[in-house]
Amino acid sequence: MEPLRNLGEDALNHLRSIVGEEHVSISSADLDQHSHDESFHEAHQPAAVVWPGSTQEVSAVLSYANQHRIPVTPWGAGTSLEGNPIPVLGGIVLDTLRMDKILEVRVGDFQVDVQAGVRYKDMNAALARHGLFFPPDPGANASIGGMIANNASGTRTLRYGSTSDNVLHLQVVLPSGTIIHTGTRSAKTASGYDLKRLFVGSEGTLGVVCEATLRLAPVPDKLSAVIASFSSPAGATNTVSAIIGSGIVPAALEFLDLATTRALNASGEFELPEHPTLLMEFHGTTDEGLAQELSEIKGLCKEEGCLDFKSGLGRQVRDQMWRARHQNYEIQVRSNPGTAFLIVDVAVPVSQYPQLVEEAEKALAAHELRGSMVGHAGDGNLHPLVPYTPGDAASYEVALAAQKAIVEAAISLGGTATGEHGVGIGKRRFMALEHGESLDLMRAIKETIDPNGILNPGKIF
Ligand SMILES: Cc1cc2nc3c(=O)[nH]c(=O)nc-3n(C[C@H](O)[C@H](O)[C@H](O)COP(=O)(O)OP(=O)(O)OC[C@H]3O[C@@H](n4cnc5c(N)ncnc54)[C@H](O)[C@@H]3O)c2cc1C
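Per-chain numbering applies: the sequence of each chain, read as written, is numbered from 1 onward. Given that the model is predicted, a residue must reach a pLDDT of at least 70 before its local features are reported, and side-chain atom pairs must reach 80 or more before they are shown or counted; all residues, however, enter totals for whole chains, interfaces and linings.

> Describe the overall build of the protein chain, and please don't skip the residues or the numbers.
Numbered from the N terminus, helices here are DSSP runs of H or I no shorter than four residues, and strands are runs of E no shorter than two. Each helix and strand in the protein chain was counted, giving 15 helices and 19 strands. The principal-axis extents of the C-alpha atoms in the protein chain amount to approximately 70 × 60 × 45 Å. Counting other C-beta atoms within 10 Å of a residue's own tells you its class, since 20 or more makes it buried, 12 or fewer makes it exposed, and anything in between is partly exposed; those C-beta atoms are placed from the backbone. Relative to its 461 residues, the protein chain shows a buried fraction of 49%. We call two residues in contact if the C-beta atoms placed from their backbones are at most 7 Å apart. Counting only contacts in the protein chain whose residues sit at least 6 apart along the sequence, the fraction spanning at least 24 positions is 72%.

Encoded structure:
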């Protein structure tokens, strides 16, 4: 498919007739805004941006685009880190911003029905008055559609699962314009192929999610944040397996290396111990139960050479702690002018996490790079930040080589090239290594559902 950088007047008029004059734009500000996500990947402008207001409008746009072989790239909040929503072949960007309604909260079922464009932080703020929340927590204020399409997860995945574990039912528009429903509002089903999970994580290449039923969790009565620092990365990472093996399930269990704690403190906003550190959160129903668990966790940390163990920290410290974790990338970018970062997103079985951290350190050192690392350690997920100088091709090549070494190490440890950010543009080169012949089956599924290849072309494969 050739890139399509302009649409003729007929096509624009047809799109205007579907979504309304003011919801189609070819202004350079709108094209520019939809040409890049939050990643380092090259920007590509679409020919037009459309903002449909309903599932029927999405269906009409896709049906028209399919007939005329116009590429369509779905767009949520544009916070991806792997170029996932960049319209590399131009055409239409279909932005779900207007489809932002919370349709129904069913408190007794712990479920909510939403449109795809709703932002998860806004949704959780609205759910708080029912004592409920949607646990997957990618940090950025992503849209539910984008979280579903990337199968986002985050700090709370260890206890509550990833997005795919918390989606019960989807309404999806196929590239032909056909509207389908998949999944059920029942907590379990054994009925046929699990198409819902096929769409979760498909990065907008198979269909546009318009509505979803999500599983919710009660807001915990009691919580404690824990900050534990160690003399070595191995002390911290060996503790991860020990904690999970204890049967106590933290709500979050994150790893920060020494370089990260130093960078966060240097911003002047945080006071973390300058050591390899685990940030943890525990939820419970009584103070006594929580205290008992924390004392066990402290014992496990001490066995692995923990230098300092602070627990019993309340909501305020907890919020500050997660702010540090979530702002790490922005702080690293801000405090290193003239440097950009490849964000690696590898994940391995948790027993292999210490080895993964060691391999990542070796890969950075072998390429003479001063990177840093954070990770959702409880899920075996590690994010080395690999620095390079924008505009310097040689430095970019070195960063890519370090990324490749880390990804290959993760795959050889039984893991994956991407734990949560998706394949997008940057991980395509690892798909054959990770999936072997099942990549052919993925291609066949794509060709069956989207024979004209209009949906988010240039991604995954
Ligand atoms: C500071 C920062 C921290 C982050 N931390 C995490 C983290 O901890 N965990 C994590 O998982 N991610 C993280 N992310 C990445 C990002 O927030 C997630 O990938 C998120 O799910 C993207 O959602 P979005 O709404 O921005 O989607 P977009 O970036 O707009 O799109 C993502 C993909 O979904 C497709 N898409 C969008 N809407 C739809 C729809 N309705 N139907 C079908 N396809 C659709 C797009 O085509 C694209 O392929 C972080 C990002 C930033 C900037």
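> Help me get a handle on unusual backbone geometry, residues and values and all.
Peptide bonds are trans in most cases, and residues, glycine excluded, mostly fall at negative phi. The residue E203 is not glycine, and still its phi comes out positive at about 55°. Secondary-structure assignment places E203 in the loop between α7 (195-199) and β10 (208-215). Of note, the phi angle at I460 is positive, near 65°, even though the residue is not glycine. Note that I460 resides in the segment after α15 (438-449).

> Before we move on, can you summarise the domain arrangement of the protein chain with the specific residues and values?
The split of the chain into domains comes from an automatic or database domain assignment. The domain architecture assigned to the protein chain consists of domain 1 (102-218), domain 2 (222-335) and domain 3 (336-422). Spacing between the C-alpha centres of domain 1 and domain 2 amounts to 28 Å. Tallying the contact residues gives five residues for domain 1 and nine residues for domain 2. Each residue is assigned to one of three groups, with Ala, Val, Leu, Ile, Met, Phe, Trp, Tyr, Cys and Pro labelled nonpolar, Asp, Glu, Lys and Arg labelled charged, and all others, Gly among them, labelled polar. Grouping the constituent residues of the side of domain 1 that touches domain 2 by class yields one nonpolar, two polar and two charged.

> Could you give me a rundown of the sheet that holds strand β8 (residues 167-173), with the residues and numbers involved?
The strand order β5-β6-β10-β8-β9 describes an open sheet built from five strands, whose pairing is antiparallel. Only two strands of the sheet have a single partner each, and these edge strands are β5 (102-106) and β9 (179-183). Sheet twist, expressed as the average angle between the axes of neighbouring strands with direction ignored, equals 10°. Any two strands with at least two DSSP bridges between them are considered paired. Note that β8 and β9 share five bridges and pair antiparallel. As a rule, the C-alpha atoms of each element are fitted with a line to give its axis, helices using only the stretch in contact, and angles between N-to-C directions run from 0 to 180 degrees.

> Explain the sheet that holds strand β3 (residues 72-75) residue by residue, including any values.
What the four strands build is an open sheet, ordered β1-β2-β4-β3; its pairing is mixed. Edge positions in the open sheet fall to β1 (24-25) and β3, since each of these has one partner strand only. Across four bridges, the pairing between β3 and strand β4 (residues 92-95) is parallel. The partner of T73 across the bridge, within β4, is V93. Against the sheet, helix α3 (residues 55-67) engages β2 (48-50), β3 and β4, with an angle of about 165° to β4.

> Account for the packing of helix α8 (residues 233-245) against helix α12 (residues 353-366), with residues named and values stated.
Helix-helix packing: each pair is described by the crossing angle between the helix axes and the interaxial distance. In contact at an axis separation of 8 Å, α8 and α12 are set at 150° when each is read in the N-to-C sense. Between α8 and α12, the angle falls in the class roughly antiparallel. Facing P233, A234, T237, N238 and V240 of α8, the residues of α12 in contact are Y353, P354 and V357. Classifying every residue of the contact of α8 with α12 by side-chain character gives six nonpolar, two polar and no charged. Note on angle classes: values under 35 degrees are labelled roughly parallel, values over 145 roughly antiparallel, values of 65 to 115 roughly perpendicular, and the remainder oblique.

> Which residues make up the packing of helix α9 (residues 258-266) against helix α11 (residues 315-334), and what are the values?
Between α9 and α11, the shortest axis-to-axis distance is 10 Å and the interhelical angle comes to 80°. On the basis of their axis angle, the class for α9 and α11 is roughly perpendicular. Packed against α9, whose contacting residues are T260, A263 and L264, the element α11 presents A324, N328, I331 and Q332 at the interface. Looking at the contact of α9 with α11 residue by residue, the class counts come to four nonpolar, three polar and no charged.

> Mind laying out the site of the ligand, listing which residues take part and the relevant values?
As a rule, any residue with its backbone-derived C-beta atom within 6 Å of a molecule or strand is reported as near that molecule or strand. Taken together, 36 residues lie around the ligand, and G76, G145, G146, A149 and G204 are the ones closest in. Those elements giving two or more residues to the shell around the ligand turn out to be β3, α5 (144-150) and β10. Looking at which element gives the most residues to the shell around the ligand, the answer is α5, with five residues. In terms of residue class, the shell around the ligand is built from 15 nonpolar, 17 polar and four charged.

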